[in-house]
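Reading the structure
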Amino acid sequence: MSDIIKETKAQRIERLKRAKNAWECVDEIREFARRGHASIPPEWLGTYFRSWGIYTQGDGQGVIGGANGEGKATPYFMVRIRIPNGILRSAQLRAVADIAERHARGVADITVRQNIQLHWVTIEALPEILDRLKSVGLTTTGACGDVTRNITGCPLAGVDADEIHDASRVALELNRQFVGNSEFYNLPRKFKVSITGCHLWCSYPEINDVALTATIRRRGGASEMGFSLRVGGGLSTDPHLATRLNAFVTEHQAAQVVRAIAEIFRDSEVLRENRERARLKFLFLKHGWTAESFLAELHQRLGFKLDPAEPEPVPEDAYRDHVGIHAQKQPGFSYVGASVLRGRISADQLRTAAELAQRYAGGEIRTTIMQNLVLVNVPSEHANKVARALDAAGLPVAASPFARGTIACTGSEFCKLALTETKSFARWLVEELEDRIPGFDEQLKLHIAGCPNSCGQHWIADIGLEGKKIKVDGEMVDAYYFCVGGAVGKFAAIARPVGYRCAATEVPEAIERLLRNFEEERNPGENLRQFLARHTNDEIRILLAGQIVEAMARDVSAGPVPHGIEG
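To keep things clear, this report deals only with the structure shown in the data block. (Residues numbered from 1 in each chain as written. Predicted model: local features only at pLDDT ≥ 70, side-chain atom pairs only at ≥ 80, totals over all residues. Heavy atoms only, no water.)

1. Looking at the overall build of the protein chain
From N to C terminus, the protein chain includes 16 helices and 19 strands. In summary, the protein chain has a C-alpha radius of gyration of 23 Å against a globular reference of 24 Å for 567 residues, a match within 12%. Taking as baseline every contact in the protein chain between residues at least 6 positions apart, the subset at least 24 positions apart corresponds to 71%. For the protein chain, the exposed area adds up to about 21,700 Å²; of that, 48% sits on carbon and sulfur atoms. (Helix = DSSP H or I, 4+ residues; strand = E, 2+ residues; numbered from the N terminus. Rg over C-alpha atoms; globule rule 2.2 N^0.38 Å. Contact = heavy atoms within 4.5 Å. Areas by Shrake-Rupley, 256 points an atom, 1.4 Å probe, with all protein chains shown as cover.)

2. Focus: the pairing of strand β17 (residues 463–472)
The element β17 is extensively covered by neighbouring structure, given that seven of its 10 residues are classed as buried. Inspection of the sheet shows strand β16 (residues 446–449) paired to β17 by four bridges, in the parallel sense. Note on β17: the bridge partner recorded for L446 is I463. Hairpin connection between β17 and strand β18 (residues 475–484): a loop of two residues separates the two successive antiparallel strands, and D473 in this loop has a positive phi of roughly 50 degrees. (Buried < 20%, exposed > 50% of the residue type's maximum accessible area, 1.4 Å probe, protein only. Pairing = 2+ DSSP bridges.)

3. Notes on the side chain of R217
The residue R217 is located in strand β7 (residues 210–219) in this model. At 2.7 Å, the side chain of R217 and the side chain of D307 are in polar contact. Residues contacting R217, with those up to four places away along its chain left out, are A222, S223, E224, F248, T250, D307 and E310. (Polar contact = N/O pair within 3.5 Å; in protein donor to acceptor, adjacent residues only side chain to side chain.)

4. Describing the environment of W459
Positionally, W459 belongs in the loop between β16 and β17. Each C-alpha atom, one on W459 and one on D238, is 9.9 Å from the other, the two residues being 221 residues apart in sequence.

5. Focus: the sheet that holds strand β14 (residues 373–379)
Pairing is antiparallel across the open sheet formed by five strands, whose spatial order is β3-β13-β14-β11-β10. The strands lining the two open edges of the sheet, one partner per strand, are β3 (87–89) and β10 (324–327). Recorded for the sheet is a direction-independent mean angle of 30 degrees between the axes of neighbouring strands. Strand direction decides the pairing type here: β3 and strand β13 (residues 364–367), joined by three bridges, are antiparallel. Across the sheet, I87 pairs through a bridge with R366, a residue of β13. Sitting on the sheet, helix α4 (residues 90–103) touches β3 and β13, and the angle it makes with β3 is about 85 degrees. (Axes fitted to C-alpha atoms, helices over the stretch in contact; angles between N-to-C directions.)

6. Focus on the packing of aromatic side chains
Counted under the stated rule, the structure contains 18 aromatic pairs. Measuring from ring centre to ring centre gives 6.3 Å for F32 and F49, while their planes differ by 70 degrees; the resulting arrangement is edge-to-face. You can see F32 sitting in helix α2 (residues 26–35) and its partner F49 sitting in the loop between α3 (42–46) and β1 (54–58), a full 17 residues away along the chain. Judged on exposure class, the residue F32 and its partner F49 are both buried. Counting every residue linked through ring pairs, the aromatic cluster contains F32, W44, Y48, F49 and F77. Over the aromatic face of Y76 sits the side chain of R105, whose NZ or CZ is 5.5 Å from the ring centroid. Across the ring face of F491, the terminal group of R529 is positioned such that the distance to the ring centre comes to 3.6 Å. (Phe/Tyr/Trp six-rings, centres within 6.5 Å; stacked < 30°, edge-to-face > 60°. Lys NZ or Arg CZ within 6 Å of the ring centre and 35° of its normal.)

7. Concerning the environment of G343
With respect to the secondary-structure elements, G343 resides in the loop between β11 (333–338) and β12 (344–346). Given the relative accessible area of 0%, G343 is considered buried. Considered as a pair, G343 and P42 are 301 residues apart in the sequence and their alpha carbons are 31 Å apart. The residues contacting G343, other than those within four sequence positions of it, are A108, D109, I110 and Q371.

8. Let's talk about unusual backbone geometry
Trans is the common state for peptide bonds, and a negative phi is the common state for residues other than glycine. Here the phi dihedral of W120 falls at roughly 65 degrees; this positive angle occurs in a residue that is not glycine. By secondary structure assignment, the location of W120 is in strand β5 (residues 116–121). Positioned with a positive phi, Q371 is a non-glycine residue whose angle comes to about 70 degrees. Within the secondary structure, Q371 sits in the loop between β13 and β14.

9. Details of the pairing of β11
The buried fraction of β11 amounts to five of the six residues, a majority that puts the element mostly inside the structure. Bridge count between β10 and β11: four bridges; the pairing is antiparallel. Residue I325 lies in a different strand from β11, and its bridge partner there is V336. From the end of β10 to the start of β11, which pair antiparallel, there are five residues, and G332 there has a positive phi angle of about 85 degrees. Where β11 meets β14, five bridges bridge the pair, whose relative direction is antiparallel. Looking at β14, one finds that S334 is bridged to V378.

10. Here's the deal with the sheet that holds strand β6 (residues 193–196)
Across the sheet, four strands lie side by side as β6-β7-β8-β9; this open sheet has mixed pairing. Strand pairing shows two members of the sheet lacking a second neighbour, β6 and β9 (243–250), which therefore form its edges. When strand polarity is set aside, the average angle formed by the axes of neighbouring strands in this sheet is 30 degrees. Note: β6 against β7, four bridges, orientation parallel. Bridging from a neighbouring strand, T196 pairs with T213 of β7.

11. Observations regarding the nonpolar core
Grouped together as the largest cluster of nonpolar side chains are 59 residues, with contacts concentrated most on W44 and F49. When residues in this core are grouped by element, the largest group, seven residues, is from helix α10 (residues 347–360). Those residues within four positions of F49 in sequence are excluded, and the remaining contacts are I29, F32, I40, W44, I54, F77, I123 and L126. One finds F184, V231, V258 and L280 within the second-largest nonpolar core, a separate group that totals 41 residues. (Core = buried A, V, L, I, M, F, W, Y, C linked by side-chain atoms within 4.5 Å.)

12. A word on the packing of helix α14 (residues 507–521) against helix α16 (residues 537–545)
Following both chains from N to C, one finds α14 and α16 inclined at 120 degrees, their axes separated by 6 Å at the closest point. Taken together, the axis directions place α14 and α16 in an arrangement best described as oblique. Two secondary-structure elements touch here, α14 through A510, R513, L514 and N517 and α16 through I540, L543, L544 and A545. The residue inventory of the contact of α14 with α16, partitioned by class, reads six nonpolar, one polar and one charged. (Parallel < 35°, antiparallel > 145°, perpendicular 65-115°, else oblique. Nonpolar A, V, L, I, M, F, W, Y, C, P; charged D, E, K, R; others polar.)

What follows is the structure, encoded as structure tokens:
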């Protein structure tokens, strides 16, 4: 009798993707809507919906109570709207507000990839939502799944007074190249692209699969704009900062280069063997690729060689959140950036932002990867009026460092993979810190991830909180493990796990102890990043705990990492 070979998770998903391109099957979605949730087959719930930007919604308990690293699903969906380069028009944002009000209980989330997510969506509502989005030039296609995710870029493209180049047209060209393109429907896993022309690198090229950052090449007195090229960045449970290749990419080469890299990724069979090691970064982490070997493969795909890289200035410590009122390159105009605490925004707030943009900003709005909103091309004489209206709507333009710097993933409220609730916790944590340290005025990146998957990007934060569960008085409660010293730019680094974990209710006190010590003991001119860098893990742990405590392991699950849903 022959042995029965059980199909692995990777094999099953690869088989399903080969069998059907769900982008070509919108009529099936419409049929599910007519027949109800019970008619949806498992392969759609678990695989095919994802390429449409749709995930099943958790039951509010996160991973707890589920099986195989994933919690229980409900008959509701999370729907992610793709917003390339974060560029929106008032009519589009108004449509999203209407959809959120009608089908998502009046709430939306801005994500760390400039998307907008809706929750509580029923299968019956999906066709209407897809059609309404299409009518205003928006789509959910490719916002999730094993495809090219939303193309991110500087939200100030075209208006930043200090930008090197407006790279948004390249981002939009790439978006057209990949969205709905059947050649790139079946990638090994998600494929993230960032293109920025700003000098701050506010779209975090270091953590993308492919990143282009604008730079200037000078030859014989002439200047030419082009891009530096990085590949293989990503976070999750195996964080890896992108590798810079020795290549100068001209603007007209950019789309061809990114396409060729996507082809290398698509055709890499070794990355299809294990879902937990299927990102482009694992060519470097597990399969011996180097910057030189990757560039050689890229040149072979292109059929020509790229010129060698040019020196480029790497940004130092920059906030990159775009909050506040700032002058644009266009004389007489300003942009107004509003802080959207933890990215959670109501339909009424979305509508207010859309109406203000329509009235004062020519209808132009941008989303940011720090989960904020920016109105651009506001006549400077109206900027304060717009700011006051945003403040009145609960979208402060002058926010505390805690509100400005806090990022939170979806959390257990809706995500089946999360261990902890993050959104309400983030709001409470910010309010606590504002009350405890009212005079704190240093920039701070405080990122909250509800599990090790790092959708909240805790690996690149000054203070990163990774969700855990611990037992307190016999009851399992939310807890957080501390990582510190993460950064991007000139001092790019993965945050250090410092061995301290505490219940969620104790986090404000721990952060207060750390930041008060920073204020009291810092060297002249020293910022928080420098302060954390010159202290050992043991020293940081003592500051957080307020006493000497033994180092605690991160306690990463020994099981497989589930299919992540970061924005």
